Amino acid sequence: MELNVHNIYHLNHEKKFTEDEAYELVNLLHAITPKTRNKINSLNTQLENHKFDNTRSEEIQNELNTLIHKWSEKVRRLGGIPLALYKVRIPAEQGYYIWEFPKADIEFFS
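Residues numbered from 1 in each chain as written. Predicted model: local features only at pLDDT ≥ 70, side-chain atom pairs only at ≥ 80, totals over all residues. Heavy atoms only, no water.

Regarding the pairing of strand β3 (residues 95-100)
This is how it is decided: Any two strands with at least two DSSP-identified bridges between them are counted as paired. Put simply, DSSP marks the helices as runs of H or I at least four residues long and the strands as runs of E at least two long, and each gets a number from the N terminus on.
Taken together, the six bridges between strand β2 (residues 87-92) and β3 define a ladder with antiparallel strand orientation. Bridge pairing in β3 places Pro-91 opposite Tyr-96. Here β2 hands over to β3 after two residues, the two strands then running antiparallel side by side. Linking β3 back to strand β4 (residues 107-109) in an antiparallel pair, the connection comprises six residues.

Topic: the packing of aromatic side chains
Basically, it comes down to this: Stacked, tilted and edge-to-face are the three classes applied to pairs of Phe, Tyr and Trp rings, where Trp contributes its six-membered ring and a pair requires centres within 6.5 Å; stacked means planes under 30 degrees apart, edge-to-face means over 60, and tilted covers the rest. For the exposure calls, accessible area comes from a 1.4 Å probe over protein chains only, and a residue counts as buried if that area is under 20% of its type's maximum, exposed if over 50%, partly exposed in between. Only when the NZ atom of a Lys or the CZ atom of an Arg is both within 6 Å of the ring centre and within 35 degrees of the ring normal do we say a charge sits over the ring.
Inspection of the entire model under this criterion finds five aromatic pairs. When the ring of Trp-99 is compared with that of Phe-101, the centres are 6.1 Å apart and the planes differ by 70°; the resulting orientation is edge-to-face. When its relative accessible area of 0% is taken as the criterion, Trp-99 is described as buried. Given the relative accessible area of 13%, Phe-101 is considered buried. The rings of Trp-71, Tyr-86, Trp-99 and Phe-101 are connected pair by pair, giving a single aromatic cluster. Cation over ring: Lys-15 sits above Phe-17, and NZ or CZ is 5.3 Å from the ring centre.

The structure is reproduced here in structure tokens:
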């Protein structure tokens, strides 16, 4: 399946999404989030295995922080607002949507 990114937004610009656009964004988030989650899970396992090796633990923690930051930046560039790892606020005209991985649906709040 090939996904086309239609718009990447400037970080200082807040896009207001329609419900259809929000679901399109969720489809994109479903494309980028599993890869990040798998890498983070792998690094967490490594961190547990190296918990007594301070040098290696610090390296792994830095890798984790970098992955989380990259995921958050991708979400922002696509117009979402990261609330927590794998949880995104999507601005709407009269409120906002909330999406959380691995769900395919969004919740609307006014």
